[in-house]
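Geometric and topological summary
Listed below, chain by chain, are the residues.
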Amino acid sequence: MAGRPVHLVGSIPLEDAAAVFREAGRRLGDRLARIPDGETGIRRNWIAWQHRVFAEQVALVEAEAKERDYQLRPPFRFAPGRGADDLDFGELGYAREAAASWRDFAAVAAEGGIPERCRFQVCLPTPFAPVYSFIAYRDQGAVAPLYEARLLAELAQICRTVPASRLAVQWDVATEMSIFEGLFPLPFLGAAPEGPLLERIARLGDAVPAGVELGFHLCYGDMNHRHWKEPEDAAVLVRISNALAASVARPIDWVHIPVPRARDDDAYFAPLRDLALDPATRLHLGLVHFTDGIAGARRRIAAAERVVSGFGIGTECGFGRRDPETVLDLLDLHRAIAG
């Protein structure tokens, strides 16, 4: 069928996961290779719901002030006399939520509401994101390995729950991009954190079992509907995509990168000439913006096509922070742009 594939990044604030599966399947089914559960309810604001995981740790106390502007709230630090040995991360909630959503996915699929080839997409933050967001700089190095181990345990649980042939896992690489752009400090990884951070992301990719689809969503943030930085062009995104392509041992099925609304110029897309993804990896460009609709997307598509071809489309980020009443229109806009 002629037309472009559509990628839904993650959060879609409808009533519940079943509503997301039904509406996405009905409106975009033949354009979708996978459908996320929308991260509805308490997960609507990406990792904000993980704050309680740290708040429940008796070894941690909340600081009085934030350490940087682009931060949800003051971070936690170890209480006097406490350390990593006093932490006990139990259930984070990702495996529990995925199991419930998988039941909804299977039910909607049984009704004929989801194309047979579509997979259930589970979107996970990198472990670094909650740690960097909710833990003070001085204690991040001690907390990070413990939180990562717990999240990887939940990933393994998800992979036991959902058949590999129906599962897709997306790692959301957002907080790391601010480090790759040199915007915020990362003391526990030293003066050159990019290499160690990339090693951590590659490790996450390789933790996704064979047979399960794997993707990466690279992001510049959406807190209060603003990026933490407007990218000068796609150069950093290309550099990180190429590094992951070279370092992740297993196949990568897709990479999604953002395209800011104002960027329909050749300069933004020019670095894509250097993109070195495997031919089997689908590139998705987040160039759909509700505010300028079909016309704006067509301008960005035309600029991108002067450099790359065969890409899919999506929004820059998830829909979680937008008015739920606009969601169905936004899904329909994807359909119209896809052709």
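Here's a quick rundown of the structure.

Rules used in this analysis
- The numbering scheme is per chain: residues are counted from 1 as the chain's sequence reads.
- Local features in this predicted model are restricted to residues whose pLDDT is 70 or higher, and side-chain atom pairs enter the listing and the counts only when it is 80 or higher, whereas totals over whole chains, interfaces and linings include all residues.
- Side-chain measures were taken over the full set of non-hydrogen atoms in the model, leaving aside hydrogen atoms and water.
- Here a strand is any run of E in DSSP of at least two residues, a helix any run of H or I of at least four, and the numbering for each starts at the N terminus.
- C-alpha atoms define the radius of gyration, and 2.2 Å times the number of residues to the power 0.38 defines the globule rule.
- Any residue under 20% of the maximum accessible area for its type is buried, any over 50% is exposed, and the rest in between are partly exposed; the area is computed with a 1.4 Å probe on protein chains only.
- Centre distance within 6.5 Å is the pairing criterion for rings of Phe, Tyr and Trp, where only the six-membered ring of Trp is used; planes under 30 degrees apart are then read as stacked, over 60 as edge-to-face, and the remainder as tilted.
- When the NZ atom of lysine or the CZ atom of arginine is within 6 Å of a ring's centre and also within 35 degrees of its normal, the charge is said to sit over that ring.
- In what follows, salt bridge is the name for a side-chain nitrogen of Lys or Arg lying within 4 Å of a carboxyl oxygen of Asp or Glu.
- Under this definition, polar contacts are N or O atom pairs within 3.5 Å; protein pairs additionally need one hydrogen-donor-capable and one acceptor-capable atom, and for neighbouring residues in sequence, both atoms have to be side-chain atoms.
- We call two residues in contact whenever any of their non-hydrogen atoms come within 4.5 Å of each other.
- Helix axes are fitted to C-alpha atoms over the stretch in contact, other axes to C-alpha atoms as well, and angles between N-to-C directions run from 0 to 180 degrees.
- In these notes the angle categories are as follows: under 35 degrees is roughly parallel, over 145 is roughly antiparallel, 65 to 115 is roughly perpendicular, and the rest is oblique.
- A clockwise turn of the near helix away from the far one marks a right-handed crossing, whereas an anticlockwise turn of less than a right angle marks a left-handed crossing.
- Pairing between strands is defined by DSSP: at least two bridges between them are needed.

**A few points about the overall build of the protein**
- Scanning the protein from N- to C-terminus turns up 11 helices and 9 strands.
- A compact globule built from 339 residues would reach a C-alpha radius of gyration of about 20 Å, and the protein, at 19 Å, matches this within 12%.
- Taking the principal axes of the C-alpha coordinates as reference, the protein spans close to 65 × 45 × 40 Å.
- Looking at the protein as a whole, 57% of its 339 residues qualify as buried.

**Some words on the packing of aromatic side chains**
- Under the counting rule described, the total for this entry stands at 13 aromatic pairs.
- Seen in terms of ring centroids, F54 and Y147 are 5.5 Å apart; in terms of plane orientation they differ by 20°. Their pairing is stacked. Taken as a pair, F54 in helix 2 (residues 51-55) and Y147 in helix 5 (residues 140-161) lie far apart in primary sequence, 93 residues in all.
- On the basis of relative accessibility, which here comes to 0%, the residue F54 falls in the buried class.
- Geometry around F311 places R4 over its ring, the cationic atom sitting 4.2 Å from the centre.
- Sitting above the plane of the F184 ring, R68 keeps its charged end 5.7 Å from the centroid.

**Topic: the pattern of salt bridges**
- Summed over the entire model, instances satisfying the criterion amount to 24 salt bridges.
- Residue R306 is joined to D266 by a salt bridge in which the shortest nitrogen-to-oxygen separation is 2.8 Å. Of this pair, R306 sits in the loop between helix 10 (293-305) and strand 9 (312-315) while D266 sits in helix 9 (residues 266-269); the two residues are 40 residues apart in sequence, bridging distant segments of the chain.
- Using a relative accessible area of 44% as the deciding quantity, one classes D266 as partly exposed.
- Overlapping salt bridges bring together D37, R43, E91, R96 and E97 as one network.

**Here's the deal with the side chain of E154**
- Relative to the helices and strands, E154 is located in helix 5.
- A polar side-chain atom of E154 sits 3.4 Å from the main-chain amide nitrogen of G93.
- Other than its neighbours up to four places away in sequence, E154 contacts G90, E91, L92, G93, Y94 and A95.

**Points about the packing of helix 10 against helix 11 (residues 327-338)**
- Orientation of helix 10 relative to helix 11, taken along the N-to-C sense of each, is 45°, at an axis distance of 10 Å. Considering their axes alone, helix 10 and helix 11 lie oblique with respect to each other. Note on packing geometry: the crossing formed by helix 10 with helix 11 is right-handed. Counted together, G293, I294, A297 and I301 of helix 10 and L333, A336 and I337 of helix 11 form the full contact between these two elements.

**Describing the sheet that holds strand 4 (residues 119-125)**
- In spatial order, the strands read 1-4-5-6-7-8-9; together these 7 strands make up an open sheet with parallel pairing. Looking at the sheet topology across the chains shown, the edges are occupied by strand 1 (34-36) and strand 9. Across the sheet, the mean angle separating the axes of adjacent strands is 30° when strand polarity is ignored.
- Contacts between helix 11 and the sheet are confined to strand 8 (282-288) and strand 9, with strand 9 contributing the most and set at about 155° to the helix.

**Looking at the side chain of H51**
- Within the secondary structure, H51 is located in helix 2.
- Of the residues examined, H51 reaches a relative accessible area of 11% and is grouped as buried.
- Separated by 3.5 Å, the side chains of H51 and E62 make a polar contact.
- Excluding residues within four positions of it along the chain, H51 makes contact with E62, R73, F76 and F134.

**Quick look at the environment of E23**
- Its location among the elements puts E23 in helix 1 (residues 17-28).
- Between the C-alpha atom of E23 and that of A297, which follows or precedes it by 274 residues, the distance is 22 Å.
- Reaching out from E23, the side chain makes a polar contact with the side chain of R26 at a distance of 3.0 Å.

Just geometry here; none of it tells us what the structure is for.
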